[in-house]
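# Observations on chain architecture
What follows is each chain in one-letter form.
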Amino acid sequence: MDQLIFLGTGDSMGVPRVYCTCPVCQEARSGGRNRRLRSSALLRTAEGELLLDCGPDWVEQMEGLGQRTLTRVLVTHPHHDHIAGLPEWFDACRWTRSRGTVFAPGIVFETIRRQYPWLEKKLAFVPNDGGMEFGGWQITPWEVCHGKNGYSFAYRFVKNGYAWAYCPDAIHLTEKQKKPLHGLNMLVLGTNFYKEEARVESRSVYDMKEALELLAEAKPQRVYFTHMSHGVDIDAGYPLPEHVTLASRELTVSLRTGE
Ligand SMILES: O=c1ccn([C@@H]2O[C@@H]3COP(=O)(O)O[C@H]3[C@H]2O)c(=O)[nH]1
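Residues numbered from 1 in each chain as written. Predicted model: local features only at pLDDT ≥ 70, side-chain atom pairs only at ≥ 80, totals over all residues. Heavy atoms only, no water.

Here is the rule we go by: UniProt positions are given in the numbering used here, feature names are shortened, and annotations may be inferred rather than shown by experiment.
The chain carries the name MBL fold metallo-hydrolase in an unreviewed UniProt entry, which gives Paenibacillus hodogayensis as its organism. UniProt's Function (unreviewed entry) comment on the chain is quoted here verbatim: "Counteracts the endogenous Pycsar antiviral defense system. Phosphodiesterase that enables metal-dependent hydrolysis of host cyclic nucleotide Pycsar defense signals such as cCMP and cUMP."

Quick look at the structure:
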């Protein structure tokens, strides 16, 4: 059965934050359950694996899995916490004389090319604006609002009538942007805080309270929150519905496609 493995569930700085000594960061520092690497997940299928985002914790994430090789990466948006592992993967490809493939909407490659102009010597960039297929999954990107950080893309995956979506970096979705979130068996959604107190114009990701309003509209059957900052204590017991879980590192979810 296909699986989704969470490799990181942290926000752009991860948990602990270097400068911070709050109780969540201290617990994370002592090897506790709040230690969160930058958000990324691995889709495992009979056809192979697809990594969703490749951030600065990529090496630690590969070591945690005991995985020595990688062939495919899908990128949501070209921010440091989602792409900074690409140059490390490039070097691994160089040393192992292998090649990889990166899938993303064309606009995402414009920024990646500017930031890391050498990557295409070893990594093929394949635009997926019109959708793509992998492991029997029909995969469709759509643009989502990322607040003060501009845009991101979310992805909807469909196979044998089972549908799920990966949307780590979004806020203030328009009605049109919410549409692909309807009719899902599972949703992975980014929520930086339980309740974020920062000014609305400075925000870039939903908090859990806002996410619950979105869930009430879209009604996914199962939900995993990811992209959580040090404002979230995984053991706090937030008042969340039973079908909502705070994801943690190496949590593995079976995708029940009926195969
Ligand atoms: O043009 C930009 C804008 C931002 N960033 C990164 O993405 C992060 C998003 O969350 P943050 O606002 O806490 O921190 C940001 C930066 O680390 C980037 O790589 N390129």
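Additional details are given in the paragraphs that follow.
## Quick look at the packing of aromatic side chains
Worth spelling out the cut-off: Any two of the Phe, Tyr and Trp rings considered here, Trp counted by its six-membered ring, make a pair once their centres fall within 6.5 Å; the pair's planes then place it as stacked at under 30 degrees, edge-to-face at over 60, or tilted in between. Helix and strand assignments follow DSSP, with helices taken as H or I runs no shorter than four residues and strands as E runs no shorter than two, numbered in order from the N terminus. A 1.4 Å probe rolled over the protein chains alone gives each residue an accessible area, and that area as a share of the maximum for its type sets the label: buried under 20%, exposed over 50%, partly exposed in between.
If you walk through the whole model with that rule in mind, you get 9 aromatic pairs. Their ring planes at 90° and their centres at 6.2 Å tell us that Trp 137 and Trp 164 sit as a pair that is edge-to-face. Here Trp 137, found in strand 8 (residues 137-145), pairs with Trp 164, found in strand 10 (residues 162-167); they are 27 residues apart in sequence, far enough to count as distant. A relative accessible area of 0% places Trp 164 in the buried class. An aromatic cluster is present here, built from Trp 137, Phe 157, Tyr 162 and Trp 164 joined pairwise through their rings.

## Some points on the pairing of strand 6 (residues 123-127)
Regular strands have side chains that alternate between both faces of the sheet. Condition: Here, a strand pair is defined by DSSP locating no fewer than two bridges between the strands. With strands facing away from the observer, any crossover in which the path from the first strand over the helix to the second runs clockwise is taken as right-handed.
Direction of pairing for strand 5 (residues 100-104) relative to strand 6: parallel, over a ladder of 5 bridges. Bridging from a neighbouring strand, Val 102 pairs with Phe 125 of strand 6. At this point the chain moves from strand 5, through helix 5 (residues 106-115), to the parallel strand 6, and the crossover so formed is right-handed.

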